[in-house]
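Spelled out, the chains give:
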Amino acid sequence: MSNEPDPKVVEKINAMSREEMARLWRFAPAGHPYFDTRQPYWKIFTARFDELGAMSPQISKAIGWDK
């Protein structure tokens, strides 16, 4: 595992909408690299998601509980 983030992955994270990020947060399979705290993407993803407003009741309702 590399501790240097792939610029293409960082670009993809930064291009995601708040709803896309919330959907991934809720439905990502176990072991997804964005949520692996050993990977650099965890901090990048959470910082961007927080910047956009993170999860809210409105977003939660919009994405629901079904994939």
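Small disclaimer: the values here were computed from a predicted structure and weren't measured.

A.B. asks: Help me out: how do you make sense of the nonpolar core in this one?
C.D. replies: Nonpolar side chains tend toward joint burial in soluble globular proteins. In this structure, Ile13, Met16, Met21, Tyr34, Phe45 and Phe49 are the most contacted members of the largest nonpolar core, which totals 13 residues. When contributions to this core are tallied by element, the ones reaching two or more residues are α1 (7-15), α2 (18-27), α3 (41-52) and α4 (57-63). With residues near it in sequence (within four places) discarded, Met21 still touches Ile13, Met16, Phe45, Arg48, Phe49 and Leu52.

A.B. asks: Looking at this structure, how should I read the pattern of salt bridges?
C.D. replies: Oppositely charged side chains can form a pair if their charged atoms are brought close together. Enumeration over the complete set of coordinates arrives at three salt bridges. Ionic pairing is found between Glu19 and Arg23, a salt bridge with its closest N-O pair at 3.2 Å. Remark: Arg23 and Glu19 occur in helix α2; sequence separation between them is four residues, near one turn of the helix. With a relative accessible area of 31%, Arg23 lands in the partly exposed category. In this structure, the salt-bridge partner of Glu51 is Arg48, at a minimum N-O distance of 3.3 Å. Pair noted here: Glu51 and Arg48 are both in helix α3, with a separation of three residues, about one helical turn. Given the relative accessible area of 61%, Glu51 is considered exposed.

A.B. asks: What am I meant to see in the packing of aromatic side chains here?
C.D. replies: Working definition: an aromatic ring pair is given by the centre-to-centre distance plus the angle between the planes. Per the counting criterion, the structure on display carries nine aromatic pairs. Taking the centre distance of 6.2 Å and the plane angle of 20 degrees together, the rings of Trp25 and Phe45 count as stacked. Separated by 20 residues along the polypeptide, Trp25 in helix α2 and Phe45 in helix α3 bring together distant segments of the chain. Under the relative-accessibility criterion, Phe45 is labelled buried at 0%. Three or more aromatic residues joined by ring pairs make a cluster, and in this case those are Trp25, Tyr34, Phe35, Tyr41, Trp42, Phe45 and Phe49. Residue placement shows Arg26 over the ring face of Trp65; its charged tip is 3.6 Å from the ring centre.

What counts, and where the lines are drawn
Residues numbered from 1 in each chain as written. Predicted model: local features only at pLDDT ≥ 70, side-chain atom pairs only at ≥ 80, totals over all residues. Heavy atoms only, no water. Core = buried A, V, L, I, M, F, W, Y, C linked by side-chain atoms within 4.5 Å. Buried < 20%, exposed > 50% of the residue type's maximum accessible area, 1.4 Å probe, protein only. Helix = DSSP H or I, 4+ residues; strand = E, 2+ residues; numbered from the N terminus. Contact = heavy atoms within 4.5 Å. Salt bridge = Lys/Arg side-chain N within 4 Å of Asp/Glu carboxyl O. Phe/Tyr/Trp six-rings, centres within 6.5 Å; stacked < 30°, edge-to-face > 60°. Lys NZ or Arg CZ within 6 Å of the ring centre and 35° of its normal.

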